[in-house]
Amino acid sequence: MELRSVEELMDLLYACRGERPANGAAGGPVGGPGDPHGHALRTAALLRRRRPADKELQVAGLVSPVGRLLWPGSPAARTAAAVGPLLGARVTRLVRRQAHPEAWDHDDDLVSLRQAEEEARTAVFDAGVLEDWRTVLELTAARNSRLGAVD
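This is a predicted model, so every value here is computed, not measured. (Residues numbered from 1 in each chain as written. Predicted model: local features only at pLDDT ≥ 70, side-chain atom pairs only at ≥ 80, totals over all residues. Heavy atoms only, no water.)

**Q** So what about helix 1 (residues 6-15)? Which residues, and what values?
**A** Within helix 1 the residues assigned to the buried category are Val6, Leu9, Met10, Leu12 and Leu13. Along the axis of helix 1, the buried positions cluster into a sector of 160°, meaning they face one direction only. (Buried < 20%, exposed > 50% of the residue type's maximum accessible area, 1.4 Å probe, protein only. Helix = DSSP H or I, 4+ residues; strand = E, 2+ residues; numbered from the N terminus. Arc of directions from axis to C-beta.)

**Q** Describe in detail the side chain of Thr92, supporting the description with residues and values.
**A** When you line up the elements, Thr92 lands in helix 5 (residues 89-97). Separated by 2.8 Å, the side chain of Thr92 and the backbone oxygen of Gly88 make a polar contact. Residues in contact with Thr92, not counting those within four places in the same chain, are Ala80 and Gly84. (Polar contact = N/O pair within 3.5 Å; in protein donor to acceptor, adjacent residues only side chain to side chain. Contact = heavy atoms within 4.5 Å.)

**Q** An account of the nonpolar core is requested, with residue identities and associated values reported.
**A** By size, the foremost hydrophobic cluster in this structure holds 38 residues, and its most contacted members are Leu9, Leu62, Leu87 and Leu137. At the level of secondary structure, the elements contributing two or more residues to this core comprise helix 1, helix 2 (36-50), helix 3 (55-63), helix 4 (75-87), helix 5, helix 6 (108-122) and helix 7 (134-150). With near-sequence residues (within four places) excluded, Leu9 lies in contact with Leu3, Val63, Val66, Val83, Leu86, Leu87 and Leu137. (Core = buried A, V, L, I, M, F, W, Y, C linked by side-chain atoms within 4.5 Å.)

Any functional reading would require information that these geometric values do not contain.
So this is what it looks like as structure tokens:
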């Protein structure tokens, strides 16, 4: 599946609400520690605090649960394939490589992403709502489409 618009991506991200985590444990309350949707919001919010200018890194943290809804293949590969044409090569690379621990030591972006994901598992704070990220997704997609037109 290839996403063609931010609206399609938003629909998939909303569909992740209440999904079971990857380990199969009970999902718990929406937005709680076991909710992939809430975890993604917290991850993106932590990245926004740490690296406010790096929108692509923030978006990579936000879109990670999408792959669980797509079939077949690994969740990271499915997410990367789905969001790549919309959000660009860097987001694709971050999403795909975060599933490979051997890549983390050589990439500061992956280390930051992984640290935020780990902290988001136990952090308790109001990370906002998905709609807060629409503009960031639209800007990232627009930037990618302009760059794609040049290539």
